[in-house]
Amino acid sequence: MTITQLKYVLAVAEHQNFTKAAQKTFVTQPTLSMQIQKLEEELSIQIFDRSKKPIELTSIGKKIVNQARNIVNEADRMQDVVDQEKGFIGGAFKLGIIPTVMPTLLPMFLKNFTKRYGKVQLKIEELTTDEIIHKIKDGHLDAAIAATPLEIETIKERVLYYEPFVGYVPEQHRLYEKQKIEGKDLDLDDILLLEDGHCFRDGVVNLCKASKLQAGESFQLESGSFETLVKLSNEGLGMTLLPFLHTLDISEEYKKNLRYFAEPSPAREVSLLYNKNELKLQIINALYDSISGVIRGAIAFQDVKIISPKPKN
């Protein structure tokens, strides 16, 4: 039994296809198939049910995959142990970022980080919170940036900043004349929301303490981007809520539509997440310092009330 064989098994389990798994592991399909077959013969079991399309794990195969994942992750951590001991800041590092944070935060720190830590091979993925949680648990991410608190036992949350919610209220809206808005002013019947799957949407719903889908509602509009929500608001279809950093790119023409909340302002907590057993702490610390260093100059709000991203029933 070899680490390479176990990596092949994990690839097939993930892609449910021998050809795709071979492509992802940079070997020929016959080589991958032969190595997995050798492992099955050594263990005297079938890991995969090849009669199914797509390929499925057998019941014992599921247990083998779980153990293989642990073994491969621990083997990969050998270099991390050495790097940590030496204080070396470098090597491959996989970072996930949620879509509502990626476009505003990444340009603020990425150039300086890569310039300062040139030996870090940073691979960044845009992922939902659910995908981030799953990948951190499975060892497919070294760290992530997402809205918190999530309160997951195996995941460490290290707060980076608190980002206030800001109202975008077009001229024809009932709240336009208000200089400061409050949570009690909001009505989900006239708030444009992000699509399901975005934790910022859950935060808005939690803030309003209601459900978007209500009896008598004439229409429902949702979008995957804040830019689209702003355009729909300008068309008179309702107001929307934006994270503070997104308001920095609003054109001068439309800044008059921004409405801040009375203090304590509702805000989301944005944190650096990683497995509590993570060994690449030298890179995590470097990321934390780089991000918190630039964010302090952008967000000066102090008196905020954290709105949980966790959906409420």
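Every residue gets a number counted from 1 within its own chain, in the order that chain's sequence is written. This being a predicted model, a pLDDT of at least 70 is required before a residue's local features are given, and a value of 80 or more before pairs of side-chain atoms are given or counted; all residues contribute to the totals for chains, interfaces and linings. Values reported for side chains reflect all heavy atoms of the structure, with hydrogen atoms and water molecules removed beforehand.

**Observations concerning the nonpolar core**
Let me state the cut-off plainly: Residues belong to a common nonpolar core when they are buried Ala, Val, Leu, Ile, Met, Phe, Trp, Tyr or Cys residues joined through side-chain atoms within 4.5 Å. Each residue's exposure class comes from its accessible area (1.4 Å probe, protein chains only) as a fraction of the maximum for that residue type: buried when under 20%, exposed when over 50%, partly exposed otherwise. Counting from the N terminus, the helices are the DSSP runs of H or I reaching at least four residues and the strands are the DSSP runs of E reaching at least two. Any pair of residues with heavy atoms lying within 4.5 Å of one another is described as a contacting pair.
Core analysis: the largest hydrophobic core is formed by 72 residues, its most contacted members being Ile132, Ile145, Tyr161, Val204, Leu241 and Leu272. Of the residues forming this core, the biggest block, seven residues, is contributed by helix H10 (residues 281–295). Excluding residues within four positions of it along the chain, Leu241 makes contact with Phe165, Val166, Gly167, Leu186, Phe200, Val204, Leu207, Phe226 and Phe261. Counting 18 residues, the second largest nonpolar core, distinct from the first, contains Ala11, Ala21, Leu32 and Phe48.

**Brief notes about the side chain of Ser265**
Looking at the secondary structure, you find Ser265 in strand S12 (residues 265–275). In this structure Ser265 comes out as buried when scored by relative accessible area, which is 3%. Those residues in contact with Ser265, other than ones at most four positions away along the chain, are Pro164, Phe165, Asp303, Val304 and Lys305.

**Focus: the pattern of salt bridges**
Convention followed: By convention in these notes, a salt bridge is any Lys or Arg side-chain nitrogen within 4 Å of a carboxyl oxygen on Asp or Glu.
Counted under the stated rule, the structure contains nine salt bridges. Residue Glu40 pairs with Arg50 through a salt bridge whose shortest N-O separation is 2.8 Å. Taken as a pair, Glu40 in helix H3 (residues 29–43) and Arg50 in the loop between strand S1 (48–49) and strand S2 (56–57) lie far apart in primary sequence, 10 residues in all. We classify Glu40 as buried; its relative accessible area is 3%. Taking the shortest distance from any N to any O, the salt bridge between Asp185 and Lys178 comes out at 2.9 Å. Judged by relative accessible area, Asp185 falls into the buried class, the value being 14%.

**Concerning the environment of Gly61**
With respect to the secondary-structure elements, Gly61 resides in helix H4 (residues 59–86). The class for Gly61 is buried, based on a relative accessible area of 0%. The spacing of Gly61 and Glu40 is 21 residues in sequence and 9.7 Å in space, taken between C-alpha atoms. With residues near it in sequence (within four places) discarded, Gly61 still touches Gln46 and Ile47.

**Quick notes on helix H2 (residues 18–25)**
Residue pairs three or four apart in sequence face the same way in an α-helix, which turns once every 3.6 residues. The criterion, for reference: Taken from the helix axis, the directions to the C-beta atoms give the arc we talk about.
Among the residues making up H2, those that are buried are Phe18, Ala21 and Ala22. The buried residues of H2 occupy an angular sector of 100° when the element is viewed end-on, so they sit on one face. In H2, those exposed residues whose orientation departs by more than 90 degrees from the buried face are Gln23 and Lys24. Of the residues trailing H2, Phe26 is marked for its positive phi of about 60°.

**Quick word on the packing of aromatic side chains**
For the record, the criterion: Ring pairs are drawn from Phe, Tyr and Trp, using the six-membered ring of Trp, whenever the two centres fall within 6.5 Å, and their geometry is named by plane angle: stacked under 30 degrees, edge-to-face over 60, tilted for the rest. Counting as a charge over the ring demands two things of the Lys NZ or Arg CZ atom: a distance within 6 Å of the ring centre and an angle within 35 degrees of the ring normal.
Taken as a whole and assessed by the stated rule, the structure comprises two aromatic pairs. Note on Phe18 and Phe48: the rings are 6.0 Å apart at their centroids and 70° apart in plane angle, and the pair reads as edge-to-face. Of this pair, Phe18 sits in helix H2 while Phe48 sits in strand S1, and the two are 30 residues apart along the sequence. Between Phe113 and Tyr117, the ring centres sit 5.0 Å apart and the planes meet at 45°, which makes this aromatic pair tilted. Just as Phe113 is buried, Tyr117 falls in that class too. Positioned over the ring face of Tyr288 is Arg158, at 4.0 Å from the centre of the ring. Above the plane of the ring of Tyr176 lies Arg259, whose end atom (NZ or CZ) is 4.6 Å from the centre.

**A few points about H3**
This is how the line gets drawn: What a helix should span is 1.5 Å times the count of its residues minus one.
Here H3 is 15 residues long and its end C-alpha atoms lie 21 Å apart, about the 21 Å a rise of 1.5 Å per residue gives. Along H3, the positions that sit buried rather than exposed are Leu32, Ser33, Gln35, Ile36, Leu39 and Glu40. The arc that holds the buried residues of H3, viewed along the axis, is 165°, so those residues lie on one side. Structural note: H3 exposes Pro30 and Glu41 on the side pointing more than 90 degrees away from its buried face. Of the surrounding elements, those touching the buried residues of H3 are helix H1 (3–15), H2 and S1. A positive backbone phi angle near 60° is found at Ser44, which sits one or two residues after H3.

**Section: the environment of Met102**
Within the secondary structure, Met102 sits in helix H5 (residues 102–116). Assessed through its relative accessible area of 13%, Met102 is described here as buried. The sequence separation of Met102 and Glu126 amounts to 24 residues, and the corresponding C-alpha distance is 7.0 Å. With residues near it in sequence (within four places) discarded, Met102 still touches Ile97, Pro107, Ile124, Glu125 and Glu126.

**A short note on the pairing of strand S5 (residues 143–148)**
What counts is decided by this rule: When DSSP finds two or more bridges between two strands, those strands count as paired.
Along S5, six of the six residues are buried, which leaves the element largely enclosed by surrounding structure. For strand S3 (residues 91–97) and S5, the ladder comprises three bridges, and the chain directions are parallel. Across the sheet, the residue bridging to Ile97 is Ile145, located in S5. Both S5 and S12 contribute to a ladder of five bridges, which runs antiparallel.

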